[in-house]
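# Residue-level structure breakdown
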Amino acid sequence: MAKTLIVAEIQKGALRESTLELVTLARKLGGEVVSLVIGSGVGGVAEDLAKKGGGKVLLADDGSLANYNLDGWTRAIGKAVESEKPELILISNTPIGWDIAGALAARLDCGIVSDVIRIEPDGGELVFVRRMFNAKFDARLRVSGTPRIATVQPGAAEAYTGSDSGSVAKLDGVGGDVRTKFVEIRVAPAGGHDLTKAEIIVSGGRGLQKPENFDAVLKPLVEALGAQMGASRPVVDAGWLPHEYQVGSSGQIVSPKLYVAVGISGAIQHLVGMKSSNFIIAINKDADAPIFEVADVGIVGDLFEIVPALVGAVKAAKGS
Amino acid sequence: MKILVCLKQVPHKDARLELAPDGKWISDANIKFEINDYDNYALEEALRAKDKDPATEVVVVTVGPDRVQQSLRTALGMGADRAVQVWDDGLAGADSLTIAKTVAAVAKAEKADLVLMGLMSDDTNYSLTGPMLAALLGVPHATGIVSAKVDGGQVEVERELEGGALEVVKLPLPCLLTAQTGMNEVRYASLKGIMQAKKKPLDKKSLADVGLSAGAVAPKTKIEKIYTPPKGAGAEILSGSKDEVAQKFVGKVKELGLL
Ligand SMILES: Cc1cc2nc3c(=O)[nH]c(=O)nc-3n(C[C@@H](O)[C@H](O)[C@H](O)COP(=O)(O)OP(=O)(O)OC[C@H]3O[C@@H](n4cnc5c(N)ncnc54)[C@H](O)[C@@H]3O)c2cc1C
Ligand SMILES: Cc1cc2nc3c(=O)[nH]c(=O)nc-3n(C[C@H](O)[C@H](O)[C@H](O)COP(=O)(O)OP(=O)(O)OC[C@H]3O[C@@H](n4cnc5c(N)ncnc54)[C@H](O)[C@@H]3O)c2cc1C
């Protein structure tokens, strides 16, 4: 592999962990690593990345780049691609990543694979591995021509921990018009249903079929276990439960002692929210559901039969 | 105002998916298809704009083989005015950029004020087509939006970030938005709507009709193979009758010291 360009991300003023994961991937491929830091007053972050294995770090620093915006970022990445001519561009699959990556690929008229979990060198070529069909299948993809772009799922690699003496170079001409005006970041008010401190969470997914079943089927198990109730996104989208019940990348990140997933398939965005639970039990009628890959214990069967049986057994155990 | 809504037809959520013999895709024999869930929210948003201002025209477009006409009819039944289907056997190995270039050819001819589509498709989960299409059209975009307010020549949207945070941005029209699920409450097609849909125009076009050749949209990204992920450690599956399973469940919870 000849040259990889990493698009860095900054979160709360510091390098985002996923950027250091990209460093690991790029360094594993061998060849030169060049990174790009975009923002306003972010020279310190660029220095930091240079020390942390980011190789030559390009700094796109301009007042117009203070908040993420499509035009400014595309311009900055475009400049970096022009001057560096990378063969591979790595971007994290985050809200910034999925906003920018496709637009960049269209401008460069190049191939792209999104949400990659692995990159395998194969002779002079690269094979990109990702999930598809909501994690029911894995896919291997190849891209013709250069540059090529891959967006990488956060957590796909370990963050790079080596140190290095890279350098920082300023990228010029990155200011300019921005069509999309940033207004503000709104953080949803913390609701009364805080799952981050719960010891036991019993979460229901689309498998519960209708809102009434959360009361009729799931709640008895929640109460028997002295747990808190959680939910997957479709449940919240459908208005069956308020947003503060949602576990996942766009909901709450939880780590209870026990997480019981009922009728939840195990899409990556849900797993992100609960996979650091100490112990996971999944109930699903589909033996191939991806949730069983992260669960410690699985029960394959119809939740409408299984859950009432669990409630009976838990109650009996408590009574004895 | 003219709104273009991009729809993709995907395997039904409950379909049992099997690999095609060549291992490059799933077999589409004997499975039901439906409109990609994210696209339902995009369509609903367009139809709400039309409810407010009946002069609004809603055009749905999809790239796909003839089975997609059923989804287009569903969209017409819900209230869209016209549908455009583009298909050509040369599109069979399409990647996202192929699809975006094909839709762009239609969108340029339509000159829509607003393009609405889904954040991602339920089959490939790529999330690429929207930003690609916007770049090809030279219009700004915002992805993963949960609300949109059109006000004069601009639209204010809330974009979903992680952990429940939202980013509020303003874009000038024309622009493109990709919908996140939960954006609104999606309507059903009424019986009357379904009857009317039969009379609404559905134009089927070839690549040549939209001014493209297979070469111009040749894919650069190719699926080499798809396969069932190798089973890792995985879960210990509890076996037995439901009462035996329940006893084992209780045993596990006790081991954890939680009962
Ligand atoms: C037999 C077969 C072979 C394939 N081979 C490949 C391959 O080699 N490489 C590859 O990358 N892909 C391949 N695909 C999948 C490919 O055709 C995708 O549909 C394509 O990449 C575009 O959609 P997306 O999944 O990227 O959409 P995403 O970017 O995930 O979808 C976002 C939104 O874009 C819009 N959209 C997506 N597709 C369409 C469409 N067709 N018409 C209108 N709007 C749309 C929808 O609004 C959707 O919500 C193959 C598919 C089939 C059936
Ligand atoms: C940017 C982004 C952010 C997202 N954020 C989140 C998030 O924070 N949280 C989240 O959860 N999702 C999130 N999602 C959505 C995610 O991709 C999935 O769509 C979602 O997690 C699926 O929810 P589910 O498992 O309940 O539904 P499905 O995937 O439909 O799964 C339902 C499961 O129930 C099983 N089932 C059905 N009937 C029964 C029965 N009778 N008995 C037993 N099992 C049964 C089925 O086998 C299936 O496995 C996000 C998506 C995107 C693109």
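Residues numbered from 1 in each chain as written. Chains lettered and ligands numbered in written order. Predicted model: local features only at pLDDT ≥ 70, side-chain atom pairs only at ≥ 80, totals over all residues. Heavy atoms only, no water.

The next thing to look at is the nonpolar core. In this structure, Leu-36, Val-37, Ile-38, Leu-90 and Phe-128 of chain A together with Leu-133 of chain B are the most contacted members of the largest nonpolar core, which totals 99 residues. The contact partners of Leu-133 of chain B, leaving out residues within four places of it in the chain, are Cys-6, Ala-100, Val-103, Ala-104, Val-115, Met-117 and Leu-176 of chain B. (Core = buried A, V, L, I, M, F, W, Y, C linked by side-chain atoms within 4.5 Å. Buried < 20%, exposed > 50% of the residue type's maximum accessible area, 1.4 Å probe, protein only. Contact = heavy atoms within 4.5 Å.)

A separate point is the site of ligand 2. In the vicinity of ligand 2, 30 residues are found, and the nearest of them are Ser-232, Ser-250, Ser-265, Gln-269 and Asn-284 of chain A. Looking at the residues close to ligand 2, they fall on chains A and B. In the model, an oxygen atom of ligand 2 is placed 2.8 Å from a nitrogen or oxygen of the Arg-206 of chain A main chain. When isolated, ligand 2 has an accessible area of 980 Å², and the protein chains bury 89% of it. Partitioning the shell around ligand 2 into residue classes produces 10 nonpolar, 15 polar and five charged. (Near = heavy atom within 4 Å. Polar contact = N/O pair within 3.5 Å; in protein donor to acceptor, adjacent residues only side chain to side chain. Areas by Shrake-Rupley, 256 points an atom, 1.4 Å probe, with all protein chains shown as cover. Nonpolar A, V, L, I, M, F, W, Y, C, P; charged D, E, K, R; others polar.)

With that settled, the discussion passes to the interface of chain B and chain A. Taken together, the contacts link 80 residues of chain B with 79 residues of chain A. Of all residues in chain B, the largest losses of buried area upon contact with chain A belong to Lys-220, Phe-249 and Leu-258 of chain B, amounting jointly to 10% of the total for that side. A salt bridge links Arg-186 of chain A to Glu-158 of chain B; the nearest nitrogen and oxygen atoms lie 2.6 Å apart. At the junction of chain B and chain A, the tally comes to 34 residue pairs in polar contact (both at pLDDT 80 or more). Here the side of chain B that touches chain A takes 10 residues from helix α6 (residues 242-255) of chain B, the largest share from any one element. (Buried area = accessible area lost by both parts, 1.4 Å probe. Salt bridge = Lys/Arg side-chain N within 4 Å of Asp/Glu carboxyl O. Helix = DSSP H or I, 4+ residues; strand = E, 2+ residues; numbered from the N terminus.)

For the rest of this paragraph, the subject is the site of ligand 1. Residues and elements named next belong to chain B. Neighbouring residues of ligand 1: 28 residues in total, closest Lys-8, Asp-39, Ser-96, Thr-124 and Thr-129. For ligand 1, an oxygen atom lies 3.0 Å from a polar atom in the side chain of Tyr-126. Leu-128 is positioned with one of its backbone polar atoms (N or O) 2.9 Å from an oxygen atom of ligand 1. For ligand 1, the accessible surface in isolation is 920 Å², of which the surrounding protein chains cover 88%. Counting only elements with at least two residues in the shell around ligand 1, the list comes to β4 (57-63), α3 (96-110), β6 (114-118) and β12 (221-227). For the shell around ligand 1, the per-class residue count stands at 14 nonpolar, 10 polar and four charged.

Turning to unusual backbone geometry, a few remarks are in order. Here the amide bond leading from Thr-146 of chain A into Pro-147 of chain A is cis, since omega sits at -5 degrees, within 30 degrees of zero. Assignment of secondary structure puts Pro-147 of chain A in the loop between β9 (137-143) and β10 (148-152). At the junction of Leu-173 of chain B and Pro-174 of chain B, the peptide bond is cis and its omega measures out at -5 degrees in the coordinates. Here Pro-174 of chain B is to be found in the loop between β9 (165-172) and β10 (175-179). Positive phi outside glycine occurs at Asp-109 of chain A, with the angle close to 50 degrees. Tracing the backbone shows Asp-109 of chain A in the loop between α4 (95-108) and β7 (112-122). Notably, Lys-111 of chain B is not glycine yet its phi reads approximately 50 degrees, a positive angle. With respect to the secondary-structure elements, Lys-111 of chain B resides in the loop between α3 and β6.

Next up on the list: the sheet that holds β10 of chain B. Sheet strands pair by backbone hydrogen bonding; their relative direction is either parallel or antiparallel. A sheet is described by the order of its strands in space; here 10 strands give the open sequence β12(A)-β9(B)-β8(B)-β7(B)-β10(B)-β6(B)-β1(B)-β4(B)-β5(B)-β11(B), paired in mixed fashion. Looking along the sheet, the strands with just one partner apiece sit at the ends: β12 (181-187) of chain A together with β11 (202-205) of chain B. Neighbour-to-neighbour, the strand axes of this sheet turn through a mean angle of 25 degrees, independent of strand direction. Summarising the sheet, strand β1 (residues 2-6) of chain B and β6 of chain B pair through three bridges and their orientation is parallel. Looking at β6 of chain B, one finds that Leu-4 of chain B is bridged to Val-115 of chain B. Each of β4, β5 (82-86) and β11 of chain B touches helix α2 (residues 68-78) of chain B; the most contacted strand, β5 of chain B, lies at about 165 degrees to it. Sitting on the sheet, α3 of chain B touches β1, β4 and β5 of chain B, and the angle it makes with β4 of chain B is about 155 degrees. (Pairing = 2+ DSSP bridges. Axes fitted to C-alpha atoms, helices over the stretch in contact; angles between N-to-C directions.)

Here the focus is the pattern of salt bridges. Under the definition given, this model contains 38 salt bridges over all chains. A salt bridge links Lys-257 of chain A to Glu-199 of chain A; the shortest N-O distance between them is 2.6 Å. Here Lys-257 of chain A is found in the loop between α6 (233-237) and β15 (258-262), whereas its partner Glu-199 of chain A is found in the loop between β12 and β13 (200-204), with 58 residues between them in sequence. Taking relative accessible area as the criterion, Lys-257 of chain A reaches 40% and is therefore assigned partly exposed. We note a salt bridge from Glu-156 of chain B to Lys-170 of chain B, for which the minimum N-O separation is 3.9 Å.

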